Amino acid sequence: MNLPKTGFPMRAGLAKSEPARLAAWNENHVYEQLMKKNEGHKKFVLHDGPPYANGPIHIGHAMNKISKDMIMRYHAMQGEQTPYVPGWDCHGQPIEHKVEEKLGTAKFNATPTAKIREMCHEFAVENIELQKAGFRRLGVLGDWDHPYLTLYHEHDAADIEVFKAMFDKGMIYRGRKPVHWCKHCHTALAEAEIEYADEVSPSVFVRFELIDAPEALAASGLPVDVVIWTTTPWTLPANSGVALSPEADYVAVEAGGRLGIMAKALWEKVFHEVAHLEDARLFTPAGAAEPWVAQGADLVGTTYKHPIFEDVTGTVVTADYVTLEDGTGCVHTAPGHGVDDYYTGMRCNLPIIMPVDDDGRFYVGEGYGTGGPFSGMDTDEANPKIIEFLAERGTLLAEKKINHSYPHCWRCKNPTIFRATDQWFVSMDETGLREQALDQVLNHVAWYPDHAKNRIGAMVEQRPDWCISRQRNWGVPIPSFTCADCGEKVMNDAMLDAVIALFKEKGSDAWFTDAPESYLGEACVCPKCGGHHLKADRDILDVWWDSGVSWKAVCENRPELAYPADMYLEGSDQHRGWFQSSLLTSVGANGVAPYKAVVSQGFTLDGQGRKMSKSLGNVIDPNKVCDEMGADIIRLWVASVDTSSDVAIDHEILARTSDAYRRFRNTFRFLLGELEGQFDPERDGVPFEELLPLDKLMVARLTQVQAEVDDAYRGYEFNRAYRTLYDFVVTELSNVYLDALKDRLYCERPGSLARRSAQTVLAELLSMLLRDLQPILSFTCDEVMAYAPAGCRDGQTYAALLEWYEAPIALDEANRYGEVLDAAMELRGVVTKAIEDARAEGTFTKSQEVRVRAWAPAEAYALLTGDMACDLAEFFIVSEVELESGEEFAAEVEPARGERCDRCWNYRESTGEHGGHAHICARCAEALEA
Ligand SMILES: [Zn+2]
Ligand SMILES: [Zn+2]
Ligand SMILES: [Zn+2]
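The model shown is predicted, which means the values in this text are computed figures rather than measured ones. (Residues numbered from 1 in each chain as written. Chains lettered and ligands numbered in written order. Predicted model: local features only at pLDDT ≥ 70, side-chain atom pairs only at ≥ 80, totals over all residues. Heavy atoms only, no water.)

A. The pattern of salt bridges, seen in detail. Here the structure, examined in full by the defined rule, presents 64 salt bridges. In this structure, the salt-bridge partner of E882 is R853, at a minimum N-O distance of 4.0 Å. Pair noted here: E882 is in strand β30 (residues 880–885) and R853 is in strand β29 (residues 850–856), with a separation of 29 residues, a long-range link. On the accessibility criterion, R853 (25% relative accessible area) is partly exposed. (Salt bridge = Lys/Arg side-chain N within 4 Å of Asp/Glu carboxyl O. Helix = DSSP H or I, 4+ residues; strand = E, 2+ residues; numbered from the N terminus. Buried < 20%, exposed > 50% of the residue type's maximum accessible area, 1.4 Å probe, protein only.)

Next up, the structure:
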């Protein structure tokens, strides 16, 4: 018999074999070979989103990089030029924070900026090497020796080039505006750097005494207040207004010898339930039939005594965002401490007071704009003191603790405060940036999945102006100067050009060491006073700006890449982060999105849908999985999950993935066992028309599968490609077709048409699976290459260099054959059932002992007996099939005719004495003879 033979090992041993294979790829420059092979072809540029360079890689990184690699390998097989330049995000608070931890805060604060930056640089570079090794181990092909780092000089310069382009268009302005401020990190934070978490806050109901109460109320002779509610008592010193809903009804509540104005809808809750003033009731003016009521709009312009600074007057205004859900319907407004408040203040001419310093302490002083009685106190410290102060003055109506969602610093996890400071902003509306960016998002970029478009669209639509300044050391400076003579802020094109030149040459470190006159030259002049003493300002750019301008620093600057890029692919959190900062800088500078397509992916969670954390003990470390199971198992896992939403991974899931891996590996091994050293499609292949009918059906099937896989890859639905291939390999190949083929492969004469026909299909299957699985099982497919016939591998040594698979027949034709195969599969199910029943009764032990009488409905009968029909006995692995037309699919089994052949175990009437062999069927006799 012709038994299978291959050197391809059954056991994978990936953990051991992969590092050796990786070394061979590097030594033989497989990535460079790939670039060479497709040189001059159409480019496909997937621009790498730079991971942050702190700490080793995690499973989310692994999914990200493997997904990119799968896409690039697929596009490279299409013959496209696929340069992949990995990058790292190097600046920013997290690294500076590590350095601060290392030095201790006191020493850190005493260390010169240049030295801190040096330490940050070192830290980033060390971590990049660590991450790079992790990414390479996963089998990701790319230009690893020439990555992009946001700390490179050219990147520093690109930061300012983009800044200048937007500055020239009038999109960048300096303004005093409340921003999220972390008093621990001493910096402004962007919306993307904020995490919301529950926080217990003191909530207080406070009476502000009116100076000019409405006449109907003043006539009562009682003092009249407006009752406000706030969860941040420390912002009361900065109060300058009270906002009401313009159309809501307000009433006056009489309690304790005072009248309190507040929303009608809330008064009982506040006075009865919270303040426990059971006898509080609505005030009815003398002679009136109904209690007093007014709309918010009627009360605009009313003034009150400031709750802390008695000689200060506040004003009642209205605002659309005032709701009647919580509080009193009268919103304490401190424009220096809130965004809504700020806009209301601007609109209504309320003073913008901000009495809190960088550390979150009140300025010392007595007047409005200082902490007054709370001078020098921290905001948290001041809260209870302010409540005490109000209680003593009798203006505290009620107090209770509430639990609510509150913004926290992404880095130090402390609650943030809103604080109006002088910052640099990108205006979303002044020059139409928002509108243009939205147009790009909605009409000029392809989003995968499609609904990601709405997500980023809504974010761009609603986002406030982008605060781009930070008060830290480790970043690219905002290129502004202050005149030492007159205090003027100075920025103009000549200066920006000089700074760009400086950064190109020496990098942004020079900003902190070189004197402005040394690089500004003629431009070193104050336009206001004509002085020449300019001081470089100390704000740096938001780190999202750094990574955001990589389209300029990398895609546009590196000749092998292209701008706009064909694709960005990152986690869905980048809708707030990199997708958006890239979009805004690119649209801002050039009017176009930096990407033609964006793939957004979900997060990696554990098997129960929980976040991974050390304390839960559910962290899957990709480095460890590589060392224990192999990178191909992680790659297969990535391919198996729907990355467009959150995905799960744990040890059990990895074990299942490992089982799936074995099914693919065994299939490769089976194919190689019948081909290696004995068949090459170019020499031995049988043309489609001459294939045996069953083999034609299988070629048709693989053509259909290939079309499906191709479509899935093209839509970046790896899990659909995986599922299609897995089902094909397991349910059709292993369990049906390959099993049915064994008789022919093992028993027919080598070189016979029957065997060559089967091998031809096996070679097609091998060629197809090598290419379809190469993006996923990159190491294993590469391993298969060494055993595969040259004709199945384009004569290549490395799987990465393969061309995409082209099926031998057209899909239309395949679909016609497919109908026959579908009918045969349906009948097979009925036949298998009949055989199993007979086996259960003990009538037969093997399917070969069986002869089948089967019935099929007219349509199926026509297909199964038509000119595309196959040998059903071979397909079902029985001795004979007698098919008749019937009502429905049905089958009966009876003993096979003839005797068992000792060689092939088939029951044949021809079995007997042939050419000196006893008990051999005629077919086997002929094979033995040959
Ligand atoms: Zn912080
Ligand atoms: Zn000046
Ligand atoms: Zn035989």
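Back to the text.
B. Local environment of a negative patch on the surface. The grouping of E819, D822, E826 and E859 at the surface amounts to a negative patch. In terms of residues, the negative patch owes the most to one element, helix α28 (residues 811–840), which gives three residues. Take E819: it is sitting in helix α28. (Patch = residues over 30% accessible without salt bridge, like charges linked within 9 Å, V, L, I, M, F, W, Y side chains within 5 Å. Areas by Shrake-Rupley, 256 points an atom, 1.4 Å probe, with all protein chains shown as cover. Lys, Arg positive; Asp, Glu negative; His and termini not counted. Charge placed at Lys NZ, Arg CZ, Asp CG, Glu CD.)

C. Here's a closer look at the coordination of the zinc ion (ligand 1). Taken together, the protein donors to the zinc ion (ligand 1) comprise C182 (SG), C185 (SG), C409 (SG) and C412 (SG), at separations of 2.2 to 2.4 Å. Each of the four donor atoms bound to the zinc ion (ligand 1) contributes to angles spanning 102 to 114 degrees, and the resulting shape is tetrahedral. On the primary sequence, the residues serving as donors to the zinc ion (ligand 1) are separated as C-x2-C-x223-C-x2-C. Here C182, found in strand β4 (residues 172–182), pairs with C412, found in the loop between β16 (396–409) and β17 (417–426); they are 230 residues apart in sequence, far enough to count as distant. Taking the relative accessible area as the measure of exposure, C182 reaches 0% and is therefore buried. (Donors = N, O, S within 2.8 Å, 3.2 Å for Na, K, Ca; no water. Tetrahedral: all angles 85-135°; square planar, octahedral: opposite > 155°, others 65-115°.)

D. Focus on the coordination of the zinc ion (ligand 3). Distances from the zinc ion (ligand 3) to its protein donors, namely C901 (SG), C904 (SG), C921 (SG) and C924 (SG), fall within the range 2.2 to 2.4 Å. Bound by four donor atoms, the zinc ion (ligand 3) shows angles of 103 to 118 degrees at the metal and therefore tetrahedral coordination geometry. One chain supplies every donor for the zinc ion (ligand 3), spaced along it as C-x2-C-x16-C-x2-C. Grouping residues by exposure puts C921 and C924 together as buried.

E. How the structure looks around the nonpolar core. Membership of the largest hydrophobic core comes to 161 residues, with the highest contact counts inside it found for I634, W637 and L765. A per-element tally of this core places helix α25 (residues 718–747) first, with 16 residues. Apart from the residues within four sequence positions on either side, L765 is in contact with L671, L702, F728, L733, Y737 and L738. Core analysis: the next-biggest nonpolar cluster, separate from the first, contains 70 residues, V162, V460, L496 and C555 among them. (Core = buried A, V, L, I, M, F, W, Y, C linked by side-chain atoms within 4.5 Å. Contact = heavy atoms within 4.5 Å.)

F. Just helix α12 (residues 433–443), in detail. Three or more residues of α12 are buried, namely L433, R434, A437, L438, Q440 and V441. Across the axial projection of α12, the buried residues extend over an arc of 160 degrees, all falling on one side. In α12, the exposed positions that point more than 90 degrees away from the buried face belong to E435 and N443. Taken together, the buried residues of α12 touch α7 (153–168), β17, β18 (446–448), α13 (452–462) and α19 (578–590). (Arc of directions from axis to C-beta.)

G. Region of the structure containing the sheet that holds β18. One open sheet holds the four strands; their spatial order is β1-β25-β26-β18, and the pairing between them is parallel. Of all the strands in the sheet, just β1 (46–47) and β18 have a single pairing partner and so form its edges. Pairing analysis gives two bridges linking β1 to strand β25 (residues 565–571), with the strands arranged parallel. Directly across from L46, in β25, lies its bridge partner M567. Strand contacts of helix α3 (residues 59–77): β1, β25 and β26 (595–601), with the helix running at about 150 degrees to β25, the strand carrying the most contacts. Lying over the sheet, α19 contacts β1, β25 and β26, oriented at roughly 145 degrees with respect to β25. (Pairing = 2+ DSSP bridges. Axes fitted to C-alpha atoms, helices over the stretch in contact; angles between N-to-C directions.)

H. Seen up close, the side chain of T150. For T150, the location among the structural elements is in the loop between β3 (148–149) and α7. There is a polar contact of 2.8 Å between the side chain of T150 and the backbone nitrogen of C90. Those residues in contact with T150 that lie beyond four places of it in its chain are W88, D89, C90, H91, H155, D156, D546 and S547. (Polar contact = N/O pair within 3.5 Å; in protein donor to acceptor, adjacent residues only side chain to side chain.)

I. Broad picture of the sheet that holds strand β31 (residues 890–895). Pairing is mixed in the open sheet, where three strands are placed in the order β30-β29-β31. Each end of this open sheet is capped by a strand with a single partner; those strands are β30 and β31. Averaged over all adjacent pairs, the angle separating strand axes in this sheet is 20 degrees, with direction ignored. Here β29 runs beside β31; their pairing, made up of six bridges, is antiparallel. Residue V850 lies in a different strand from β31, and its bridge partner there is P895. Strands β29, β30 and β31 of the sheet are contacted by α28, whose axis makes an angle of about 45 degrees with β31.

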